[in-house]
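# Commentary on secondary and tertiary structure
Now for the letters of each chain:
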Amino acid sequence: MDRINDIDLKNWKESDVWTDSLWIINERDKNGKHDGFYHGNFVPQVPRQLIKKFSKQGDVVLDLFLGSGTTAYEAEALKRNFIGVDIVPEMIFHVESKLDKHDKYFYELLIGDSMSQETESEIKDVLNKHKKKSAQLVILHPPYADIIKFSQYKNDLSSAKSPSDFLQMFSKVLTTAKNLLEKDKYLAIVIGDAYKQSEWIPLGFYCMSEAQKLGFTVKSIVVKNMAGNRGKQNKEGIWKYRSLANDYYVFKHEYVIIFKKP
Ligand SMILES: C[S@@+](CC[C@H](N)C(=O)[O-])C[C@H]1O[C@@H](n2cnc3c(N)ncnc32)[C@H](O)[C@@H]1O
C-alpha cells in the first residue's frame, strides 16, 4: 500500500508527529513567519501536524479559508506546494507579501469565494499550470458561523444568518474541496461549537455530517483545547461565575476532524 506520509518509520520513536486523539496545546508556536495578529487564526501546530501526517513533500496542500496564512507558512516550511483562497483581498495581499519565491515548489493565492464554481475552475487552472491534477490534502478552518465576523461580504460564511444557512454554505465549500481532492487523500476540518439563545449548537458534529453526506469517510475526531481564546482572555473568572450560576459549561475545546475521500 502507498504510504500516506514521509515519516521515517525506522526511527518512529523519535517522531514529533502526534498520534493521540486529544491535542493539548499549551502555547502557540511563535517560530517561523506566523504573526498571530488575526482574530480567529489557528495555532501553527494544527496545520503542521496535519501536513506531516497526511501528506508528503511535493504534494499539494489546499486551504479554502486562508485567513492570515498559517497553513501557507507551514506548507512552505515543510516543502509542500500550496494553494490558498480567501474572500478578503487584504488577507491574500498580506500572506503573499510574506511568502518567498521557490524554484521547486509553488505557492499560489487566490481572492475568491470558495463556494463558487468560478473559484473551483481557477484552482483547476492553477493545478494545470503546475502539471498537477488535484490536491492531496485539504485543510478547512471556516468561521464558526457568526461568532467572529470576518468581513461584510455576503458570501463570507461568517455572514450566515442562521446555523442552517451556515451549513448550506459550508456544504458548498465541501463540494469544492471534494472536486479538487485526489481519491484516497485527506480532508481536515477544524471547527468549534456555538451557543445561541441558550442552546449549545454542535456545529462541529453538523459540519462532520455535511462531509459524510458528500461521501467522505471519517478517519479521526481529534479534540483539541482552546488555549488563549482571545474573546475570553483575562475573563476566566467571569466565565467561571457564569457557568456556576447557569446550566452550561464554558467552551474549552474544538475539533479537528479528518476524512478520507473514497
Ligand atoms: C477562521 S478564519 C481562518 C483562519 C486561518 N486558519 C488562520 O490561521 O489565519 C476563516 C477565514 O475564512 C474566510 N472566508 C469566509 N467565507 C469565505 C468564502 N466563502 N470563501 C473564501 N474565504 C472565506 C474569512 O475571510 C476568514 O479569513
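In short, a report on the structure. Quantities reported herein were computed from a predicted structural model and do not represent experimental measurements.

With that out of the way, let us pick up the site of the ligand. In the vicinity of the ligand, 24 residues are found, and the nearest of them are Y38, S68, T70, D86 and N155. The backbone of I87 places a nitrogen or oxygen atom 3.2 Å from a nitrogen atom of the ligand. Separating a nitrogen atom of the ligand from a side-chain N or O atom of D113 is a distance of 2.9 Å. Classifying every residue of the shell around the ligand gives 11 nonpolar, 10 polar and three charged.

Among the nonpolar cores identified, the biggest contains 70 residues, and L140, F166 and L187 are the most heavily contacted of them. Per-element tally for this core: the top contributor is helix α5 (residues 163-180), with eight residues. Apart from the residues lying within four places of it in its own chain, the contact partners of F166 are P142, P143, A145, L157, A160, I191, L203 and C207.

Now for unusual backbone geometry. Its identity is not glycine, yet Q197 carries a phi of approximately 45 degrees, on the positive side. When you line up the elements, Q197 lands in the loop between β7 (194-196) and β8 (199-201). On the basis of relative accessible area, Q197 is assigned to the exposed category, the value being 80%. Positioned with a positive phi, S198 is a non-glycine residue whose angle comes to about 65 degrees. Residue classification places S198 among the exposed residues on the basis of a relative accessible area of 67%.

Our next topic: the environment of E120. Residue placement: E120 occurs in helix α4 (residues 117-129). With relative accessibility at 10%, the residue E120 sits in the buried group. Along the primary structure E120 and T175 are separated by 55 residues, whereas in three dimensions their C-alpha atoms are 9.5 Å apart. Excluding anything up to four places from it in sequence, E120 contacts T176, N179 and L180.

Each value, and the rule that gives it
- Residues numbered from 1 in each chain as written.
- Predicted model: local features only at pLDDT ≥ 70, side-chain atom pairs only at ≥ 80, totals over all residues.
- Heavy atoms only, no water.
- Near = heavy atom within 4 Å.
- Polar contact = N/O pair within 3.5 Å; in protein donor to acceptor, adjacent residues only side chain to side chain.
- Nonpolar A, V, L, I, M, F, W, Y, C, P; charged D, E, K, R; others polar.
- Core = buried A, V, L, I, M, F, W, Y, C linked by side-chain atoms within 4.5 Å.
- Buried < 20%, exposed > 50% of the residue type's maximum accessible area, 1.4 Å probe, protein only.
- Helix = DSSP H or I, 4+ residues; strand = E, 2+ residues; numbered from the N terminus.
- Contact = heavy atoms within 4.5 Å.

Purely geometric stuff here, so don't read any function into it on its own.
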